[in-house]
Amino acid sequence: MSEHAAPAVKPADDPAFQLPASLRGLQMPLLGGGLVALLIGMGMAFAVSDADMPRFGMSAYLTAFLYVLTIVLGCLFFVLIQHLVRAGWSVVVRRVAECMMIMIVPMAFLFLPILFSVFSEGALFVWTDPEFASKLHLDDKMWENKKLFLNAPFFVIRALIYFGIWGALAVYYWRGSVNQDETGERAATDRMQYWSGPAVMAFSLSLTFAAFDWGMSLAPMWFSTMFGVYIFAGGILAAHCVITLLTYLLQRAGALKEEVTPEHYHDLGKYIFGFIVFWTYISFSQYMLIWYGNIPEETEWFYSRQDGGFGYLSIGLIIFHWLIPFFGTMSRHVRRRPGMMAFWAAYILVVHFIDIYWIVMPEARVVETHTVPGFGGPLGILASLLCVVGMSTLVIGLVLRVAGGNRVVPVRDPRLRESIIFENI
Amino acid sequence: MSLAIPNGLDNTVERPGERAPLVLGETTYHDITEAVCKVAERPPSKGWIGGFLVAFALLQMLGLLIVYLIYTGVGVWGNRAPIFWGWPIVNFVFWVGIGHAGTLISAILFLFRQEWRTSINRAAEAMTIFAVACAGTFPGIHVGRAWLAFWLAPYPSLNLWMWPQFRSPLLWDVFAVSTYGTVSLLFWYMGMVPDLATFRDRSKNKYRRMAYGILCLGWSGSSRHWMRYEKAYAILAALAAPLVLSVHTIVSFDFAVSQVPGWHTTIFPPYFVAGAIFSGFAMVLTLMVPARKMLNLEKLITIRHLENMCKIILATGSIVGLAYGTEFFIAWYGQVPAEQFAFLNRAFGPYAWAYWTMVSCNVISPQIFWFKKARTTPWIIVVVSIFVNIGMWFERFVIVISSLSRDYLPSAWAYFTPTWVDWGMLIGSFGLFFTLFLLFCRTLPVINMAEVKATLAKQEHMAHLHGHGEEAAEGH
Amino acid sequence: MSETKIETTVHGMMAEFTTVDSLLSACRRIRDAGYTKTDAYTPFPVHGIDKALGIKPTALPWICLIAGATGTCIALVMQIWMNSIDYKYIISGKPYISLPAFIPVAFELTILLASFGAFFGMWALNGLPKFSNPMFTDPRFDRATDDRFFLYVDASDERYDANGVRNLLADTGSDYINEVVEDDSPKEVPKPVFLIWGLAVAASLVPLICILTMRVTNSSKPRFHVFFDMDFSPAKDAQQVTSLFADNRSMRSDVPGTVARGQMEESLDMLTGIDVEALTMSDPPRVQRLVRAYMLADDEAKAEEKEAVEAAEAAPASVMDTTPWVEKNPLTVDAELLAQGQQQFAIYCSVCHGMDGYGNGLVNQRAQSINAPTWVPPASMHQETLYADKYPDGKLFSTISNGIRKMPGYAGQIKLKDRWAIVAYVRALQKSQNASMDLVPESEKAAVEAAVADAKAELKRQAEEAEKAAAARKQTQS
């Protein structure tokens, strides 16, 4: 139908498939800078911790950790779902997602401080505080029951299971894809497709419970069945943004100039738009049901996010996480311009941080006296930002390192050609 | 030419890098027209007449039961304190759920560029509209004074001097279901216009030609028209996709905004939507597997189409299973006694039989679709999809009945027993559904010919390109 | 153009193709040759033909956006106005303007109107429905919706030249080229269509006409009740019979052993009008009976008491005389109580006893006028035997409650405190008939005297007026 014969795929050793030297040179500065920023940020965060906000330091760390983790898991899910539905269009951007996905391995190490914090009473999760039940005058029997789940050893076992699942999936799909670069065997694609179904199931189950463990249990008396979906919605949105942004940067640096076209940005843009709506849908439904039901044990969580500065953040999330990007990415003219899509991707990565901050930080306050949660002053805000910037930079440095050792596209994927010539409807 | 699948051609196998054909055999555009138009043009078969008579009889039964109900009052149902919602609402949610597959296939799969949707979207959309019609019947007669149901609309009434209550989820339902019905109808009709033009141009009979000519609005196939048409179709798809999600979300709000134990849980919106897609696809399969055989459409609705739908059933069934599990876990984790009781009561109380029927039909039976053999064997597909339909009906039964029958006040507990009218109306609603569906098969294009032809064109184009690619690769 | 020598108007030239590729290459050639008024007709949307023909994109998305935004605004304004301004009421503790609760409907209306925008906008932009099209004159064009592809060049194109176009199209490999001419098929619609249409319209008017007829005409027949039990509720009214109970009464008495709210808050003295402490000395069994009847709501005991009293009445010393009655009204007598008593007296007592208490109420007047044989004239309140010293308050209360001679007991109709209020009012009534000005406090005297003078003046004026009127009537009659 088209006027010209489709372009041929370049050979696997083409420089367009290598990480450009300009980015390669950034590895060490990013790694070093990220680590320093993270350490300084942590130091400042612990300095901000006081009687009103005893858990500020670890909470700032958890915010940064969950921010990066949700993105990494989003990328893992992206890769799994592309295999599950035998997607063709996404092959040119899949390696970027795979590089992010394999970051689950360093994330496991970055989890260690949180893992240790549950053995230090009340350092991060209030349920580790042995006095918690008596401080809140909770019913003993009920608290005993809750502790069957919320106790340090079981928490550690669960964390090991989650990272075990994610690590196994990430490594399996990473190896499969990278090995195919060398061998080019089609059967590798078949194998990965074959396992993608169970993989997605294991992923959703572990993500749901990880969200309960690391996000919901910050407020141990609160519960929402949708919380796992909520965390997933933010993560998958941010993952698409990170893929867009990194692909754009790669192209700016000189790689994949001909392979990634506005068609791919257009498609990624559609997904970003769609997941903005999905995030809004999930967070609105969660709020709506709790607001309407008006049952004290559930509304508590939103009450502490209406107090103080967090009230403004709540309104801010509606405007900045939904309204502005919704209209911003609505038009196909925007989606077909790589620069514009890169801007919106970066923008959403910022608001995704606000979302995670809004989930974690209000719980750093003293629970038993119901103090108004705060940001910890300018220093506290700076500390939180340094933590997240530091950890993200560190991870980007590692991504560049991994990408530098491999090609930036699955060069022998059988669907690569389909992806290159892909056109939207 | 024969329309049987040529031996040795299995389009469920897909080599990575090549796309399996969705239209089988040496099919031409004209073959597609012939195959689809013949369904409506040839005289009705004995099977069709028999089926229609049965369905029409059941529809008459539904009509008579509604007259009986309105004349006598809602006491003829089994709805008793404290279970005032009873079967009518179970049936409503059941049918609305089934009505989700059509627009999902048309809209969401369209946005995801799933070309296999083209062979099944027309019938699925028709099903959507008929299922919404069935669904709308039940709340309409459940309001008690059905002739005053228009009070639900916000019109300036000189008798009432008041407005509807927009803070009630039941009113949101009115808006959601009627919007959904309207938009689905527009979408269905719009998609059908080019095919109605085909019907017009094939008509030998003057009046038939005139009727289809009016229905297709004078469609000529102009490229300018096609361009705007495709744009409008894409926009409608983009609008219908969130609409589909919103409808069952709002239906779930009916339950979840309340404080009834077992209803008030935040997972309800996505879980209801997944359940709706699940039941909708099951109904599509239940109908399409026999229909493709009887209507000789096996080349267009291939095993691959069935397999894809089975995969969606497996996926959504597992999501539903995950939601069941999450609910149980949070009921325990939340440590709210009423919630804990509600869930224990579901699984081990007087309705345990319904609960375990639901779990085995919805969660366990679709797991057979992990096996490719099961996904590609028509009779297994039909059996499982019927199980899923039963299971999804029971899901709504469990939610509505078990929570209402035992809530906070033990002195008000009761056991729900349906009356013969309840049974009759449930069966009668199937009569309505099948009557409409059978009439649709005889009068309107059951498959979207224009889109299937476009798929065929693309398939040929890709095969052509692929040939080029192979040559190019060998050139290196 | 006129070379074809066909009298009908020529609209342009069309060429038939059998494959998408041949059509596309023909489109490109026509475009490159400079033709702009061209169109292609295909059975399905052909990807890339808009570029090949140079078709501009459509404004449809903007129409949808505007329609959708209109939907949002309508929904929000409607909900806020209806539930928060025009008809305010609080439901489940939610504020009048509950934005979260208004979002679902706002969303639905946004989608609905945007969909209307897409649907109707598309047809409007396409100029459809348009049932007649010159293209349809060629029978081969029927396959444009089946498997053939047509390219069309309009005659109004600047470069149009029949031979040139024909040659160009032939050059692109088309095997069928024809001129598109004006449709000369009969314009009139077949008659049966009108017949069916007319019948349908007539049939659809029947219900409307029926309704209108009913609205404007009168009928002597009773209204037709579709839902009989909704118009006439099967629930029983007071005093009706029912087959549900053995005694056939639809009104039910209290369940034995139960007391209605607000009925056991008073002492036995107040309930019976009897000084129970004194009665304990003289007649302990009766006290027991009274306790059972009044405090334990035992209907049997009530019946026994009634029998006992009736039996004893015949005895030389009536039980009415021997009972130690309460001497003083247990309620505080003040203006408010008297007003209450006056009101109750006017409602229940005055029909027989008269507003002034002389025993000449309307019922009595009527009974006298028809000489009712069994009529016992009601007692006047103004006989000395009924004054407080002879007829204590408790006895009067008991009479009101239980009745005397032909007078029934009013305990069932008049509330307890109202009965005591009537007692107080009757005492005031008795006093009013032979009261002297000395009883009036100094401060009120002037006002009372003025009122008396006013009343006298008014009576006099009325008498004079009546006289004048009588005189005037006489004059006119004569």
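Conventions and cut-offs
- Residues numbered from 1 in each chain as written.
- Chains lettered and ligands numbered in written order.
- Predicted model: local features only at pLDDT ≥ 70, side-chain atom pairs only at ≥ 80, totals over all residues.
- Heavy atoms only, no water.
- UniProt positions renumbered as here; feature names shortened; annotations may be inferred.
- 1 Å grid on protein atoms, 1.4 Å probe; cavity = no way out; pocket = protein on both sides within 12 Å on 5 of 7 lines; lining within 4 Å.
- Points joined across faces, edges and corners; volume = space filled by probe spheres on them.
- Helix = DSSP H or I, 4+ residues; strand = E, 2+ residues; numbered from the N terminus.
- Nonpolar A, V, L, I, M, F, W, Y, C, P; charged D, E, K, R; others polar.
- Pairing = 2+ DSSP bridges.
- Axes fitted to C-alpha atoms, helices over the stretch in contact; angles between N-to-C directions.
- Contact = heavy atoms within 4.5 Å.
- Buried area = accessible area lost by both parts, 1.4 Å probe.
- Salt bridge = Lys/Arg side-chain N within 4 Å of Asp/Glu carboxyl O.
- Polar contact = N/O pair within 3.5 Å; in protein donor to acceptor, adjacent residues only side chain to side chain.
- Phe/Tyr/Trp six-rings, centres within 6.5 Å; stacked < 30°, edge-to-face > 60°.
- Lys NZ or Arg CZ within 6 Å of the ring centre and 35° of its normal.
- Disulfide = S-S within 2.5 Å.
- Expected span 1.5 Å × (residues − 1).
- Buried < 20%, exposed > 50% of the residue type's maximum accessible area, 1.4 Å probe, protein only.
- Parallel < 35°, antiparallel > 145°, perpendicular 65-115°, else oblique.
- Left-handed = near helix turned anticlockwise from the far one by under 90°.

By the naming in an unreviewed UniProt entry, chain B goes by Polysulfide reductase, NrfD and is assigned to Stieleria magnilauensis. UniProt lists a comment for chain B under the heading Subcellular location (unreviewed entry), and it reads "Cell membrane".

For chain A, the name recorded in an unreviewed UniProt entry is Quinol:cytochrome C oxidoreductase, with Stieleria magnilauensis as its organism.

Trainee: Describe empty space enclosed by the protein, with residues and values.
Mentor: All names here are of chain A. In this structure the tally under the stated criterion is 5 cavities of 30 Å³ or more. Reported here for the largest cavity is a volume of approximately 70 Å³. Around the largest cavity, the lining residues are Leu-66, Leu-69, Thr-70, Leu-73, Trp-166, Leu-207, Ala-210, Ala-211, Trp-214, Gly-215 and Ile-231. Within the residue set of the lining of the largest cavity, elements represented by two or more residues are helix H3 (56-84) and helix H10 (186-214). Grouping the amino acids of the lining of the largest cavity by side-chain chemistry returns 9 nonpolar, 2 polar and no charged.

Trainee: Account for the sheet that holds strand S3 (residues 149-154) of chain C, naming residues and giving values.
Mentor: Residues and elements named next belong to chain C. An order of S2-S3-S1-S4 is seen for the 4 strands of this open sheet, with the pairing classed as antiparallel. Every interior strand has two partners, whereas the edge strands, strand S2 (38-41) and strand S4 (176-181), have only one. Recorded for the sheet is a direction-independent mean angle of 25° between the axes of neighbouring strands. One ladder, built from 6 bridges, connects strand S1 (residues 10-17) with S3; its direction is antiparallel. Looking at the pairing, Gly-12 lines up with Asp-154 of S3. Along the sheet face, helix H5 (residues 162-171) touches S1, S3 and S4 and points at about 10° away from the line of S1.

Trainee: Can you lay out the interface of chain A and chain B for me, pointing to particular residues and giving the numbers?
Mentor: Taken residue by residue, the interface counts 61 residues in chain A and 50 residues in chain B. Buried surface at the junction of chain A and chain B, summed over both partners, amounts to about 4700 Å²; 65% is from carbon and sulfur atoms. Looking only at chain A, the three residues that lose the most surface to chain B are A:Arg86, A:Thr225 and A:Leu289, adding up to 16% of its buried area. Here chain A and chain B share 0 salt bridges between them. Seen at the junction of chain A and chain B, the total is 11 residue pairs in polar contact (both at pLDDT 80 or more). Mapped onto the side of chain A that touches chain B, the elements with two or more residues apiece are helix H8 (140-147), H10, helix H12 (262-293), helix H13 (296-303) and helix H18 (416-420) of chain A. When grouped by side-chain class, the residues that make up the side of chain A that touches chain B number 34 nonpolar, 15 polar and 12 charged.

Trainee: Break down the interface of chain B and chain C for me, with residues and values.
Mentor: Listed as interface residues are 64 residues of chain B and, on the opposing side, 72 residues of chain C. Taken as a group, B:Trp163, B:Phe166 and B:Arg167 account for 14% of the area that chain B buries against chain C, more than any other trio of residues on that side. In this assembly, chain B and chain C are joined by 2 salt bridges. Residue C:Asp39 pairs with B:Arg224 through a salt bridge whose shortest N-O separation is 3.8 Å. Where chain B packs against chain C, one counts 24 residue pairs in polar contact (both at pLDDT 80 or more). The set of elements that each furnish at least two residues to the side of chain B that touches chain C consists of helix H1 (29-41), helix H2 (46-72), helix H6 (169-202), helix H7 (206-215), helix H8 (223-256) and helix H16 (449-475) of chain B.

Trainee: So what's going on with the packing of aromatic side chains? Residues and values would help.
Mentor: Under the counting rule described, the total for this entry stands at 115 aromatic pairs over all chains. In this structure an aromatic cluster arises from ring pairing among B:Phe110, B:Phe187, B:Tyr189, B:Trp219, B:Trp226, B:Tyr229, B:Tyr233, C:Phe116, C:Phe119, C:Phe120 and C:Trp123. Here the basic side chain of A:Arg158 rests over the ring of A:Phe149, its NZ or CZ set 3.7 Å away from the ring centre. Over the ring of C:Tyr391 we find C:Lys395, and its NZ or CZ is 4.7 Å from the ring centre.

Trainee: Talk me through the state of the cysteines; I want residue IDs and the actual numbers.
Mentor: This structure, assessed with the given rule, holds 0 disulfides over all chains. B:Cys441 takes part in no disulfide bond, and the closest cysteine sulfur to it belongs to B:Cys37, at a distance of 14 Å.

Trainee: Explain H8(B) residue by residue, including any values.
Mentor: Residues and elements named next belong to chain B. Over its 34 residues, H8 runs 48 Å from end to end, which matches the ideal 50 Å to within 8%, given 1.5 Å per residue. Within H8, 27 of the 34 residues are buried, leaving the element largely enclosed by the surrounding structure. Two or three places before Arg-224, at the opening of H8, Ser-222 has a side-chain oxygen 3.2 Å from that residue's backbone nitrogen.

Trainee: Before we move on, can you summarise the packing of helix H3 (residues 86-98) of chain B against H8(B) with the specific residues and values?
Mentor: All names here are of chain B. At a minimum axis separation of 10 Å, H3 and H8 run at an interaxial angle of 160°. What the angle tells us is that H3 and H8 run roughly antiparallel. The hand of the H3/H8 crossing is left-handed. Within the contact between the two elements, H3 uses Ile-89, Phe-92, Val-93, Val-96 and Gly-97 and H8 uses Val-247, His-248, Val-251 and Phe-255. The class makeup of the residues in the contact of H3 with H8 is 7 nonpolar, 2 polar and no charged.

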